[in-house]
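Working through the structure, step by step
Given next are the chains, with one letter for each unit.
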Amino acid sequence: MDTAFAKNRYHGAPRADDYTIDQAWETYSPAEHDRWDRLFRRQKEIATGRASKVALDAMHKLELSPSGIPHMGRLSDKLEKITGWRVVPVAELVPDEVFFDHLANRRFPAGAFIRPEEEFDYLQEPDIFHDIFGHVPMLADPVFADFMEAYGKGGQRAMRLGQLHNLARLYWYTVEFGLIQEEDGLRIYGAGILSSPHETVFALEDASPNRIGFDLQRLMRTKYIIDDFQQTYFVIPSFEALLETCYKDFGDVYAEVKGQPDYEANELAPGDDVITRGTLKYFRDGGRK
Ligand code: HBI
Ligand code: FE
């Protein structure tokens, strides 16, 4: 994979053995601070009325704003007071076991680089805008903060059991691409959607994707797409319900899904709580251009 190092987006001192680096906040250029501001203003406007109110309230509490790239240490001091989480700078994706160890200790690894202008609308690796605008606000919610720590601990165990791919699907269809039913309607809490202007609209308003009620075992059997919009979104009734479902020994869940066939990303399964049956039109028309 062409890494952030290779794309010389990387800055700051060499990494520690837990893959953290110095954010070197003073080395960001005015153009990079300006890019953060433009990304922030556009996405905040699109996300208002579409993002979970928990995420929007947290952005306010954490004073996230279009005033240049956030300093992770100062942001962490605010976040830590609320839920004990800190945001630690990394250069790029870190190995799973390192990632899980950070989460299990309430540290969220956030990319220190910001996407280049030519990838303003979309990039595959998590840059500082995806991680801080997308993931960090949810870490200010006490229930979701507990879920993320439990996920980290579960990840370490899943690796030992060789069931990481099942758990990675849980992360993908909740933390990255999850929807929630709030009293005002369907809302977004997944960071992969929240940090993407197009998918923020697509996930809630397009007729193409399926939207089905969260079901842990069904979700763990469902493949996902990494380079286009999701074909199926899972909807939780509340963050409490998500934590309660996941705050248990996954051993028997793994045993039940092991050996069961996977579902394709666009497939509906018997027993699904179908909220919207997608037309799949966007995908049949060839997806991302
Ligand atoms: N590393 N920095 C970083 N950010 C992620 O979101 C991340 C990662 N490493 C592994 C990973 N995510 C996924 O494999 C999770 O599903 C575990
Ligand atoms: Fe992410």
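Predicted, not measured: the structure shown is a model, and the values here were computed from it.

1. Observations concerning the nonpolar core
One finds Phe144, Met148, Leu167, Leu170, Leu179 and Phe250 to be the most contacted residues of the largest nonpolar core, which totals 87 residues. In contact with Leu167, other than residues within four places in its own chain, are Phe100, Tyr151, Gly154, Gly155, Ala158, Met220, Phe250 and Tyr254.

2. As for the coordination of the iron ion (ligand 2)
The iron ion (ligand 2) binds to the protein through His130 (NE2), His135 (NE2) and Glu176 (OE), with metal-donor distances spanning 1.9 to 2.2 Å. When the donor residues of the iron ion (ligand 2) are listed from N- to C-terminus, their spacing reads H-x4-H-x40-E. Here Glu176 lies in helix 7 (residues 164-176) and His135 lies in helix 5 (residues 128-135), a separation of 41 residues in the sequence.

3. Considering the UniProt feature "binding site: Fe cation" (unreviewed entry) in the chain
Those residues carrying the UniProt feature "binding site: Fe cation" (unreviewed entry) are His130, His135 and Glu176 in this numbering. Across 47 residues in sequence, these annotated residues keep their C-alpha atoms within 10.0 Å of one another, forming a single compact spot. Considered against the largest cavity, the annotated residues that line it turn out to be His135. Within the structure, the side chain of His135 is placed 3.1 Å from the side chain of His130, a separation counted as a polar contact. Setting aside anything within four residues of it in sequence, one finds Glu176 in contact with His130, His135, Tyr171, Gly190, Ala191, Gly192 and Ile193.

4. Details of the layout of surface pockets
Considering only enclosed or pocket space, the largest pocket measures out at about 1000 Å³ in volume. Within the residue set of the lining of the largest pocket, elements represented by two or more residues are helix 4 (96-104), strand 2 (107-111), helix 5, helix 7 and helix 9 (197-205). Element by element, the count of residues in the lining of the largest pocket is highest for helix 7, at five residues. For the lining of the largest pocket, the class distribution of residues is 21 nonpolar, nine polar and 10 charged. Taken as a whole, the second largest pocket encloses approximately 280 Å³ of empty space. Lining the second largest pocket are 16 residues, and of these Ala150, Lys153, Gly154, Cys246 and Lys248 sit closest to its centre. Elements with a minimum of two residues in the lining of the second largest pocket: helix 6 (142-161) and helix 7. For the lining of the second largest pocket, the class distribution of residues is eight nonpolar, one polar and seven charged.

5. Overview of the side chain of Asp131
With respect to the element layout, Asp131 can be found in helix 5. Among buried Asp, Glu, Lys and Arg side chains, Asp131 stands out as unpaired, with Arg115 the closest opposite charge at 9.0 Å. Only 2.9 Å separates the side chain of Asp131 from the backbone nitrogen of Gly111, close enough to count as a polar contact. Setting aside residues no more than four positions away along its own chain, Asp131 makes contact with Phe108, Pro109, Ala110, Gly111, Pro126 and Val136.

So, how was this worked out
Numbers given for residues are sequential positions, taken from 1 along each chain in its written order. Whichever chain is written first becomes A and whichever ligand is written first becomes 1, with later ones labelled in order. Note on the predicted model: pLDDT of at least 70 is required for a residue's local features to be given, and 80 or more for side-chain atom pairs to be given and counted; whole-chain, interface and lining totals, by contrast, use all residues. The side-chain quantities take in all heavy atoms of the structure and omit both hydrogens and water. Among buried residues, those of type Ala, Val, Leu, Ile, Met, Phe, Trp, Tyr and Cys that are joined through side-chain atoms within 4.5 Å constitute a nonpolar core. Throughout this description, buried means an accessible area under 20% of the type-specific maximum (1.4 Å probe, protein chains only), exposed means over 50%, and partly exposed covers the range between. When checking whether two residues touch, look at their non-hydrogen atoms; a contact exists if any pair is within 4.5 Å. In this description, a donor is an N, O or S atom within 2.8 Å of the metal centre, a cutoff extended to 3.2 Å for sodium, potassium and calcium. Water is not part of the atom list, which can make sites seem incomplete. Secondary structure elements are defined from DSSP: runs of H or I of at least 4 residues count as helices, runs of E of at least 2 residues count as strands, and each element is numbered from the N terminus. UniProt positions are given in the numbering used here, feature names are shortened, and annotations may be inferred rather than shown by experiment. A cavity here means a set of 1 Å grid points, computed over protein atoms only, where a 1.4 Å probe fits but cannot escape. A pocket is an open set with protein on both sides within 12 Å along at least 5 of 7 lines, and lining residues have an atom within 4 Å of a point. Two N or O atoms count as a polar contact when they lie within 3.5 Å, although within protein this holds only if one can serve as hydrogen donor and the other as acceptor, and sequence-adjacent residues are included solely when both atoms are side-chain atoms. Grid points are joined across faces, edges and corners, and a volume is the space filled by probe spheres set on the points. Amino acids are sorted into nonpolar (Ala, Val, Leu, Ile, Met, Phe, Trp, Tyr, Cys and Pro), charged (Asp, Glu, Lys and Arg) and polar (every other residue, Gly among them). His is not counted, nor are the chain ends; Lys and Arg add positive charge and Asp and Glu add negative charge. Salt bridges are identified by distance alone: a Lys or Arg side-chain nitrogen within 4 Å of an Asp or Glu carboxyl oxygen.

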